[in-house]
Amino acid sequence: MGYFITFEGIEGCGKTTQIRLLAERLKAAGRHVTLTREPGGCAIADQIRSILLDAGNRAMLPHAELLLYAAARAQHVGEVVKPALDGGNVVLCDRFTDATIAYQSSGRGIDRGTVDTLNSLACGGVRPDLTVLIDCDPAQGLERARRRIEASSGPREERFELEALAFHQRVRDGYLALAAGEPHRFLIVDGSGSVERIAAAITPQVSSRLEELHHAVR
Ligand code: TMP
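Below is a summary of the structure that appears in this document. All of these numbers come straight from a predicted model, not from anything done at the bench. (Residues numbered from 1 in each chain as written. Predicted model: local features only at pLDDT ≥ 70, side-chain atom pairs only at ≥ 80, totals over all residues. Heavy atoms only, no water.)

Overview of the nonpolar core
Right, on to step 1. In terms of nonpolar packing, the biggest core is built from 48 residues, with Ile5, Leu92, Tyr103 and Ile202 touching the most fellow members.
Right, on to step 2. Excluding residues within four positions of it along the chain, Ile202 makes contact with Phe7, Gln18, Leu22, Val132, Ile134, Leu187 and Val189.
Right, on to step 3. Core analysis: the next-biggest nonpolar cluster, separate from the first, contains ten residues, Val81, Val91, Cys123 and Val126 among them. (Core = buried A, V, L, I, M, F, W, Y, C linked by side-chain atoms within 4.5 Å. Buried < 20%, exposed > 50% of the residue type's maximum accessible area, 1.4 Å probe, protein only. Contact = heavy atoms within 4.5 Å.)

As structure tokens, then:
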């Protein structure tokens, strides 16, 4: 069995930079790493991603949004995450089930039971071993995310960046509540530091968890 690490946080918290750095470091240490993301991570889920993030789809209703995230996840878990874990890889995933709880339940107001049911349907028993939550102030994060979108030449995946600050505050609070409820699974990192400082808070923790696992299976 492999080891499943997810990265979470609000828009512009810096998690994508950090997950890439961690992947490089783990590969350099000789680990077999699968780096993936949600929504997306495989061809069918990437098509669903385009619908979900298209700023033109502002009319999308909360339950339609929730079901699309669940559909993308079911495909991604079955096609990518589960086979990689079964093959003994360290799987690093940029967002996973906690994002659905934070965005669709805390952010949109869909009841938690409905979100939990769809998450478990989509995951078929796959659960993160460790979740790195990069915590950051929503105003700063949004500012960073909007600058990145302005500078990019690709499709404008900004449906969530267009949400009000209060929405992102609820998402952040939702993440912090999840982390408080499962302190062993979550590693909360302050996202206001430099890229190097944030990485220095993550890498040793991950390495020691992987070492523990190594000793436990011996
Ligand atoms: P990204 O910006 O990290 O690529 O994530 C895409 C957006 O999708 C981000 O605004 C958060 C949102 N999202 C949800 O609302 N629910 C989910 O379950 C996931 C995985 C992402």
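Observations regarding the side chain of Glu11
Right, on to step 1. Take Glu11: it is sitting in the loop between β1 (3–8) and α1 (15–28).
Right, on to step 2. Arg95 is the oppositely charged side chain nearest to the buried, salt-bridge-free Glu11, at an N-O distance of 4.1 Å.
Right, on to step 3. Polar contacts involving the side chain of Glu11 include one to the side chain of Tyr103, which spans 2.6 Å.
Right, on to step 4. Ignoring anything within four residues of it in the chain, the contact list for Glu11 reads Arg95, Tyr103, Gly141, Leu142, Ala145, Phe160, Glu161 and His168. (Helix = DSSP H or I, 4+ residues; strand = E, 2+ residues; numbered from the N terminus. Lys, Arg positive; Asp, Glu negative; His and termini not counted. Salt bridge = Lys/Arg side-chain N within 4 Å of Asp/Glu carboxyl O. Polar contact = N/O pair within 3.5 Å; in protein donor to acceptor, adjacent residues only side chain to side chain.)

Section: the layout of surface pockets
Right, on to step 1. Estimated volume of the largest pocket: approximately 1100 Å³.
Right, on to step 2. Together, 43 residues line the largest pocket, and Lys15, Thr16, Arg49, Asp94 and Arg148 are the ones closest to its centre.
Right, on to step 3. Broken down by secondary-structure element, the contributors of at least two residues to the lining of the largest pocket are α1, β2 (33–37), α2 (43–53), α3 (62–86), α4 (97–107), α6 (138–151) and α8 (195–217).
Right, on to step 4. The residue makeup of the lining of the largest pocket, split by class, is 16 nonpolar, 13 polar and 14 charged.
Right, on to step 5. Taken as a whole, the second largest pocket encloses approximately 240 Å³ of empty space.
Right, on to step 6. Every residue lining the second largest pocket is counted, 15 residues in all, and those nearest its centre are Thr97, Ile101, Asn119, Arg127 and Pro128.
Right, on to step 7. Looking at the lining of the second largest pocket, the elements that each hand over two or more residues are α4 and α5 (112–123). (1 Å grid on protein atoms, 1.4 Å probe; cavity = no way out; pocket = protein on both sides within 12 Å on 5 of 7 lines; lining within 4 Å. Points joined across faces, edges and corners; volume = space filled by probe spheres on them. Nonpolar A, V, L, I, M, F, W, Y, C, P; charged D, E, K, R; others polar.)

Focus on the pattern of salt bridges
Right, on to step 1. For the coordinates displayed, the defined rule picks out 16 salt bridges.
Right, on to step 2. Between Arg159 and Glu65 there is a salt bridge whose closest N-O contact spans 2.9 Å. You can see Arg159 sitting in the loop between α6 and α7 (165–181) and its partner Glu65 sitting in helix α3, a full 94 residues away along the chain. The residues Arg159 and Glu65 share a single accessibility class, namely buried.

Examining the sheet that holds strand β5 (residues 186–190)
Right, on to step 1. One open sheet accounts for five strands, arranged β2-β3-β1-β4-β5; its pairing is parallel. Each having just a single partner strand, β2 and β5 make up the two edges of the open sheet. Each strand of the sheet is rotated relative to its neighbour by a mean of 20°, with strand direction disregarded.
Right, on to step 2. Both β1 and strand β3 (residues 90–94) contribute to a ladder of five bridges, which runs parallel. If you follow Thr6 over to β3, its bridge partner there is Cys93. (Pairing = 2+ DSSP bridges. Axes fitted to C-alpha atoms, helices over the stretch in contact; angles between N-to-C directions.)

A look at the site of the ligand
Right, on to step 1. Around the ligand sit 14 residues, and of these Glu11, Lys15, Arg95, Thr100 and Gln104 come closest.
Right, on to step 2. Arg49 is positioned such that a nitrogen or oxygen atom in its side chain is 2.9 Å from an oxygen atom of the ligand.
Right, on to step 3. At a separation of 2.9 Å, an oxygen atom of the ligand approaches a polar side-chain atom of Tyr69.
Right, on to step 4. Burial of the ligand by the surrounding chains reaches 93%, relative to a free accessible area of 480 Å².
Right, on to step 5. When atoms are counted within 2 Å of each cavity's grid points, the one that captures over half of the ligand is the largest pocket.
Right, on to step 6. Listed by contribution, the elements that provide at least two residues to the shell around the ligand are α2, α3 and α4.
Right, on to step 7. Per-element tally for the shell around the ligand: the top contributor is α4, with four residues.
Right, on to step 8. In the shell around the ligand, the residues fall into six nonpolar, two polar and six charged. (Near = heavy atom within 4 Å. Areas by Shrake-Rupley, 256 points an atom, 1.4 Å probe, with all protein chains shown as cover. Sits in = over half its atoms within 2 Å of the grid points.)

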